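# Chain and residue survey
Spelled out, the chains give:
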Amino acid sequence: MRTTLIGMDTETAYETPVTLLGLGDMGTALARAWLAAGRPLTVWNRTPEKAGPLVEEGARVAATQAEAVASTDGPVILCLLDDASVDEVLDGVDLNGKDVVNLTTSTPAQARQRARWAEKRGARFLDGGIMAVPPMIGHPETGGYVLYSGDLALFERHRELLEVPAGAKFVGEDPGHAALHDIALLSAMTGMFAGITHAFALMDQEKDLDRSRFAALLAEWLGAMAGSAHGIAAQLASGDYTEGVTSNLAMMTAANDTFLVTAEDQSVDPRLLTPYMELMSRRVAQGHGDEGLAGMVSLLRIE
Ligand code: FVH
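It should be emphasised that the depicted structure is a prediction, and the values quoted were computed from it without experimental measurement. (Residues numbered from 1 in each chain as written. Predicted model: local features only at pLDDT ≥ 70, side-chain atom pairs only at ≥ 80, totals over all residues. Heavy atoms only, no water.)

## Here we look at the packing of helix α11 (residues 256-265) against helix α12 (residues 274-285)
Rules: Here, axes are lines fitted to C-alpha atoms. For helices the fit covers the stretch in contact, and angles between N-to-C directions go from 0 to 180 degrees. Starting at the N terminus, helices and strands are each numbered in turn, a helix being any DSSP run of H or I of at least four residues and a strand any DSSP run of E of at least two. With respect to orientation, any angle under 35 degrees is reported as roughly parallel, any angle over 145 as roughly antiparallel, any angle of 65 to 115 as roughly perpendicular, and every other angle as oblique. Crossing handedness is read from the near helix: turned anticlockwise from the far helix by less than a right angle, it gives a left-handed crossing, and turned clockwise, a right-handed one. Throughout, a residue-residue contact means that at least one pair of heavy atoms, one from each residue, lies within 4.5 Å. Ten residue types, Ala, Val, Leu, Ile, Met, Phe, Trp, Tyr, Cys and Pro, are classed as nonpolar, four, Asp, Glu, Lys and Arg, as charged, and the remainder, Gly among them, as polar.
Two numbers describe how α11 lies on α12: the axes approach to 11 Å, and their chain directions differ by 155°. Classified by the angle between their axes, α11 and α12 sit roughly antiparallel to one another. Of the two elements, α11 crosses α12, and the hand of that crossing is left-handed. Together, Asn256, Phe259 and Leu260 of α11 and Thr274, Met277 and Met280 of α12 make up the contact between the two elements. Grouping the amino acids of the contact of α11 with α12 by side-chain chemistry returns 4 nonpolar, 2 polar and no charged.

This is the structure:
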């Protein structure tokens, strides 16, 4: 079913109907974005009460997940808690001929398995990793986006629709790659949060220090340092880990004692820093003090 023509000068620009399974915080935000954009939307949620407010905003509620999937020829978007809940929700549902887009957080292996599972059921499959929190959805100016991987033709077919809630970035035809990018980015964020936690702990005893002023410095500093990812990528690509190095590993490692002594003086447990410092020391001990950070990547590999 294809409805209202919205394009001014093309016959292919239609409002594609969407089916959305899962109305948690993220699913509800996605639903609101599509409704606000005037997309015909069918929703289903295990706890049906959550659909109530969306009906008032124009959504159609299906009584069952099978009915929701069967109700349109538009894409079926999944935004459920985890991979197990996808199994539970779609058990026995006819997906033949459907375009399935799974925005449920998965591991890369789960996403690849889900792609095989979809293919066996006659569906086309795209996996997505959401790099946004619910308040960012429908607000492109906040910089949120969704990473996609899998069926490129499917991505292109629904690209306009997928770009309504947030930016859409296709990262490869291996269906596991969106999840891999997602988890890699979130892992980097976890390391950043560990650093922020340690930094505030260092300030904790200093009651006269203005935390919000420090936060501004911290955010500015982390922003300035984030660009180092490009240098590491260039070194990994060239294999020359001394390329473009301004602050080498030996110099950085020598400063670690200052960090640790300061932590001790401020009565702060250094456990969030020491594993990384140990890796740095190991790389220097291997004779690579003149390098940047790229050489540390190989130290993390489990053979
Ligand atoms: N919220 C966030 O900040 C993050 C941002 C990045 C991406 N994540 C992922 O998005 C998926 C959905 O997250 P969510 O925020 O909507 O999660 P909840 O609010 O907890 O809602 C979970 C929905 O899943 C349904 N559900 C759970 N288990 C089952 C099941 N066994 N059978 C059927 N449905 C199930 C749940 O239904 P109900 O509890 O309302 O009945 C919700 O619809 C997620 O992968 C995040 O990692 C969000």
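There is more to say after this.
## Details of the site of the ligand
We count it as follows: When at least one non-hydrogen atom of a residue lies within 4 Å of a molecule or strand, that residue is treated as near it. In protein, a polar contact requires one atom able to donate a hydrogen and another able to accept it; more generally it is a pair of N or O atoms within 3.5 Å, and residues adjacent in sequence count only if both atoms are side-chain atoms. The Shrake-Rupley method, run with a 1.4 Å probe, gives the accessible areas here. Residue values count only the displayed protein chains as cover.
For the ligand, the set of nearby residues contains 22 residues, the closest of which are Asn45, Arg46, Thr47, Lys50 and Thr105. A distance of 2.5 Å separates an oxygen atom of the ligand from a polar side-chain atom of Thr47. A total of 900 Å² of accessible area belongs to the ligand in isolation, and the protein chains cover 78% of it. At the level of secondary structure, the elements contributing two or more residues to the shell around the ligand comprise α1 (25-36) and α4 (83-90).

## Comments concerning the nonpolar core
How we decide: Residues belong to a common nonpolar core when they are buried Ala, Val, Leu, Ile, Met, Phe, Trp, Tyr or Cys residues joined through side-chain atoms within 4.5 Å. In this scheme, a residue with accessible area under 20% of its type's maximum is buried, one over 50% is exposed, and one in between is partly exposed, where area comes from a 1.4 Å probe on protein chains only.
If you look at the biggest cluster of nonpolar residues, it comprises 31 residues, and the most contacted ones within it are Leu20, Leu41, Ile137 and Tyr148. Going through the elements one at a time, β1 (18-21), α1, β2 (41-44), β6 (124-131), β7 (145-150) and α6 (152-162) are the ones with two or more residues in this core. Considering every element that reaches this core, the biggest residue donor is α1, with 7 residues. Residues within four places of Leu20 in sequence aside, it is in contact with Gly27, Leu30, Ala31, Leu41, Thr42, Val43, Trp44, Ile77 and Cys79. Counting 19 residues, the second-largest nonpolar core is a separate cluster that includes Ala68, Ala115, Trp117 and Phe125.

## Thoughts on the pattern of salt bridges
The test is simple: Criterion for a salt bridge: a side-chain nitrogen of Lys or Arg within 4 Å of a carboxyl oxygen of Asp or Glu.
One pass over the full model with this rule turns up 12 salt bridges. With a closest N to O distance of 3.2 Å, Glu156 and Arg159 form a salt bridge. Taken together, the residues Glu156 and Arg159, both in helix α6 and 3 residues apart, mark about one turn of the helix. Its relative accessible area of 41% is what places Glu156 among the partly exposed residues. Salt bridges sharing common partners tie together Asp83, Asp87 and Arg114.

## Thoughts on the sheet that holds strand β8 (residues 167-170)
This is how it is decided: At least two DSSP bridges between two strands are needed for those strands to be called paired.
The sheet built from 8 strands is open, its strands ordered β3-β2-β1-β4-β5-β6-β7-β8 with mixed pairing. On the outer flanks of this sheet lie β3 (60-61) and β8, each paired with one strand and no other. The pairing of β1 with strand β4 (residues 76-78) spans 3 bridges and is parallel. In the strand pairing of β4, Thr19 is matched with Val76. Sitting on the sheet, α1 is in contact with β1, β2, β4 and β6, with an inclination near 165° to β1.

## Notes on the domain arrangement of the protein chain
We apply this condition: Either an automatic procedure or a domain database provided the assignment from which the domain bounds are taken. As a working definition, buried area equals the accessible area (1.4 Å probe) given up by two parts on being put together, with both sides summed.
Per the domain assignment, the segments making up the protein chain are domain 1 (2-173) and domain 2 (181-300). Between domain 1 and domain 2, the C-alpha centre-to-centre distance is 38 Å. With 8 residues of domain 1 at the contact, the number on the domain 2 side is 5 residues. Roughly 490 Å² of surface becomes buried between domain 1 and domain 2 when both sides are summed, with 75% attributable to carbon and sulfur atoms. The largest per-residue losses of area from domain 1 upon contact with domain 2 belong to Met131, Leu147 and Val171, which jointly make up 57% of the total buried on that side. At the boundary of domain 1 and domain 2, one finds 0 salt bridges. At the surface where domain 1 touches domain 2, the tally comes to 0 residue pairs in polar contact (both at pLDDT 80 or more). Those elements that place two or more of their residues in the side of domain 1 that touches domain 2 are β6 and β7.

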